[in-house]
Every structure is written in C-alpha cells, then in structure tokens.
Amino acid sequence: MTTVSELIPISRPILSPNAKNLVSRCIEEGWISGDGKYVKAFEESYCKLVNRKFAVAVSNGSNALVVALKALGIGPGDEVIVPAFTIISCAAAVVQLGAVPVFCDCDVRDWNLKVDDVSGLITERTRAVIAAHTYGLSVEMERLGELLDSRGIYLIEDAAEAHCLSRFDRPCGSFGIISTFSFYANKLITTGEGGMVLTDDEHLAQKCRSLRNLCFGESDRFVHEELGWNFRMSNLQAALGLAQLEICTDIAARKRAIGEQYQTLLSHCRSLQLPLDCIPAAKNGYWVFAVLCLDDTVNVEELSGKFRDRGIEVRRLFHPLHRQPVLNRMGYGNDQSLPNSEYIRARGLCLPAGPDLCNRDLEHVARTVLELVS
Ligand SMILES: *Cc1c(COP(=O)(O)O)cnc(C)c1O
C-alpha cells in the first residue's frame, strides 16, 4: 500500500488554546444560534480592534458586502466601482442587488485598486466604490476617500484580507462609510465561516442589524416593512471568534515573519517579482505571499502541477473580474482591457504561508521555488 504524503498546505488555521473552552461554554449555556451574548461580545471587541462605533456580525464576508451595499440603498440603476483584481464576492454582491459592477484595474506593484483610474470610471450613476485591500497591502484610502467625498460617492472598505493591518497607524476597517470583514478559515481571524459589517453611523448600523435578521418588525415582530434576509452569525461562531482575537496579534506577527523569511530566501532570484515588503502607509501584513514569474515562457498552471508533485500546494491568483465568463454573459466587462490585472493573473502564484507553516517547510518551499523558477 502506498501512503500519500500530505502536501504542505497553502494555509491552515491555528486555533486559540481558549477556543474549546469558549465554544464548550456556549454549548453548555445552550444558546447556539444568532443574537447570543458571544455575538454581542465579539462585535464589541471588534469595534475596539478597528476603532469603529458599531459592528454587526454576519454569516460571511460575501454577505457582509451585500448587507453593506443594501444598507446604503444601492440597487437597480446604480453603478458600483469594484477592483478587477479581487474575489468574485465584490462584483457578485453588486449584481445580486441589481446594480452594475464597473471594473477598475490594479496597480502593477501593490496589486491594489489604482486610485488614479477611479475618476475616469465615475459616471452620474456611480453610487459607491468597493476598495478591497489585497494580500496584506492596503489601498490608498485617504486619497480615494477625498476623491469620492467631493463627489458624494460612498466608499466601502472590504478589509477581508486586512485584519490587524493599519495605514499610518489607523486600523484597516475604520475607513469609508462602512467596512466589511470575512472570518473564513484562511483569514487572519477566523470563526470558521463569518463576517462583520462596521460603521460609525448609528442609523446605518441599525439598518444592517435589521437586514441581517429578516427585517423583523419593530413594534410587531411578524409585520415586515422591508425585506431582509438571514445573514446571522451563530453564537458558536462568535465564541470561536472571541478566542481567536486573543491570538490574532501573534498570528499577524507570524505571518509577517513568514513574509520576511521568503523575501530573504528569494530576493536574489531574478526571474521572480516578489511582493512589496512595505508601502509608505505600512509594512506588508503578508496575509498571502504571492510571487510573479517574470519569464514569459512559463505557464503557471503547469508550474503549479510541478509544485504539487513535490509536495507543495500552491494556488493561482484571482482571475480578473472583467474576464469572468458569468459576468461577461450578463454584459459586464466585455472587451475591457485591464492590463495589470491580466498580467498578474497570468504570472502569479501564492506560496504556502499559513500561520502554522514551520521554518523547515518554508525553507523547502523556497528551495523548490528557486529550483523550478530560476
Ligand atoms: C475572503 C474575501 C471575501 C469573502 O469572504 P467569505 O467569508 O469567504 O464570503 C470578500 N472579500 C475579500 C477581499 C476576500 O478576500
């Protein structure tokens, strides 16, 4: 019999020593669905972490975007500018609400929304911009905020890849009228599945709370003035989240150390473009460590297979949203050319960088990269 040796995974979460304890307590107390005390406590702790007044915990990061957009009143006839180089959730949330996603290219060095390109995409229908921080480097929120404020356009901050990250010492998640997080298992803070919507606007927070919970009536619970949906986070998930908050600083430090170590081991490789180690606003948090292969003849799909054969799980980068078949069929993004997003997609690979990656495995990955790429 042959044993299949386990791949070095792209990411695996580390769970807090207090996770079992808090989740067990939740089970013993018997309140396991939404609206429980751990949900409230998780929301309060999260407000402190990102310096926001109000937090509404939801079922995942994709739904957090839906709730945020819906609370802002975005719907049919509206346009929302989204990054081309990000997860489908940003466009899917816009489309779900009947609005039109408009794709903006990314910067070729930090892979974030190119703020200079945003003005050219604004029309009289533009209601909001979703700015999603990418892989551990943040979008220029100050400049983007100024641009949008002067035009009365909402800024939504998708901080799903930016837990424990700051810009000039201001926490990511505190920018824009509303911000969102994901707590999926590969994110820096996890609840298994989960998400959060944050704002400083009480009225908006109230709307999000209502939307999350089917818009139950205020005076008579079963009389609905608005349509909401069930976007609730369970008390069990929130209990896990509270435990994870206790170790998030350590996880962030480990992620940063992994990034630094890769930078050191791979810096002399001329056929690779490494991620920026810092931008003026902050050091890279290295939620993901992705490299670009500069050799035009390399096929990254084939290259991924070679890593797998050597026991290493790698992953390709986001397929640009303006090239998504499903969105093209709806009439979005056709014939658009966003060269930076396309360039990065064609050349990029994410290396294993989970918080539990040990130095021995990291060195093995780096050696394999040098062997396969240079
Ligand atoms: C992960 C992620 C999401 C989606 O979060 P889920 O919890 O998986 O739904 C949204 N936006 C960005 C930028 C993400 O990285």
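Not measured: the values here are computed from a predicted model.

Caption draft 1: Geometry of the pairing of strand β2 (residues 79-83). In terms of burial, β2 is a largely internal element, five of the five residues being buried. Covered by surrounding structure in β2 are Glu79, Ile81 and Pro83 together with Val80 and Val82, the residues of both alternating faces. One ladder, built from five bridges, connects β2 with strand β3 (residues 100-104); its direction is parallel. Residue pairing across strands places valine 80 opposite proline 101, the latter belonging to β3.

Caption draft 2: Representation of the sheet that holds strand β4 (residues 126-132). Strand order in this open sheet of seven strands is β1-β9-β8-β5-β4-β2-β3, and the pairing throughout is mixed. At either end of the open sheet lies a strand with only one pairing partner, and these are β1 (54-58) and β3. Each neighbouring strand pair of the sheet contributes to a mean axis angle of 20°, computed without reference to strand direction. In this structure, strand β8 (residues 178-182) lies alongside strand β9 (residues 195-199), joined through five bridges in antiparallel fashion. By the bridge assignment, serine 182 is partnered in β9 with glycine 195. Strands β1, β2, β4, β5 (154-158), β8 and β9 of the sheet are contacted by helix α3 (residues 61-71), whose axis makes an angle of about 165° with β8.

Caption draft 3: Region of the structure containing the sheet that holds strand β14 (residues 315-316). The sheet built from four strands is open, its strands ordered β10-β13-β15-β14 with antiparallel pairing. Either end of the sheet is taken by a strand with one partner, and the two such strands are β10 (272-273) and β14. With four bridges joining them, strand β13 (residues 289-293) and strand β15 (residues 348-351) adopt antiparallel strand pairing. Counterpart to valine 291 in the pairing with β15 is leucine 349.

Caption draft 4: Layout of the pairing of β13. The buried count for β13 comes to five of five residues, which makes it a mostly enclosed element. The sheet contact formed by β10 and β13 spans two bridges and is antiparallel. In the sheet register, glutamine 273 faces β13, and the bridge partner there is leucine 292.

Caption draft 5: Structural context of the state of the cysteines. By the definition in use, this model includes zero disulfides. Of all cysteine sulfurs in the structure, the one in cysteine 269 sits closest to cysteine 293, which takes part in no disulfide; the separation is 8.6 Å.

Caption draft 6: Region of the structure containing the site of the ligand. Around the ligand, a shell composed of Asn60, Gly61, Ser62, Thr86, Ile87, Ser89, Asp158, Ala160, Glu161, Ser182, Lys187 and Gly194 is seen. One of the side-chain N or O atoms of glutamate 161 is found 2.6 Å from an oxygen atom in the ligand. Isolated, the ligand exposes 380 Å² of accessible area, and the fraction of that covered by the protein chains is 91%. Looking at the shell around the ligand residue by residue, the classes come out as two nonpolar, seven polar and three charged.

Caption draft 7: Representation of the packing of aromatic side chains in the model. One pass over the structure, following the stated rule, counts 12 aromatic pairs. On the numbers, 5.0 Å between centres and 75° between planes, the contact of tyrosine 46 with phenylalanine 181 is edge-to-face. You can see tyrosine 46 sitting in helix α2 (residues 37-50) and its partner phenylalanine 181 sitting in strand β8, a full 135 residues away along the chain. Judged by relative accessible area, which is 1%, phenylalanine 181 ranks as buried. On the numbers, 6.0 Å between centres and 85° between planes, the contact of phenylalanine 85 with tyrosine 135 is edge-to-face. Residue phenylalanine 85 is located in the loop between β2 and α4 (89-96), and its partner tyrosine 135 is located in the loop between β4 and α6 (141-149); the two are separated by 50 residues in the primary sequence. Every member of this aromatic cluster is reached through a ring pair, and the members are Phe85, Trp111, Tyr135, Trp287 and Phe318. Note that arginine 170 overlies the ring of phenylalanine 175, its terminal NZ or CZ placed 4.0 Å from the centroid. Above the face of the phenylalanine 216 ring, arginine 221 is positioned so that its terminal group lies 3.7 Å from the ring centre.

Conventions and cut-offs
- Residues numbered from 1 in each chain as written.
- Predicted model: local features only at pLDDT ≥ 70, side-chain atom pairs only at ≥ 80, totals over all residues.
- Heavy atoms only, no water.
- Buried < 20%, exposed > 50% of the residue type's maximum accessible area, 1.4 Å probe, protein only.
- Helix = DSSP H or I, 4+ residues; strand = E, 2+ residues; numbered from the N terminus.
- Pairing = 2+ DSSP bridges.
- Axes fitted to C-alpha atoms, helices over the stretch in contact; angles between N-to-C directions.
- Contact = heavy atoms within 4.5 Å.
- Disulfide = S-S within 2.5 Å.
- Near = heavy atom within 4 Å.
- Polar contact = N/O pair within 3.5 Å; in protein donor to acceptor, adjacent residues only side chain to side chain.
- Areas by Shrake-Rupley, 256 points an atom, 1.4 Å probe, with all protein chains shown as cover.
- Nonpolar A, V, L, I, M, F, W, Y, C, P; charged D, E, K, R; others polar.
- Phe/Tyr/Trp six-rings, centres within 6.5 Å; stacked < 30°, edge-to-face > 60°.
- Lys NZ or Arg CZ within 6 Å of the ring centre and 35° of its normal.

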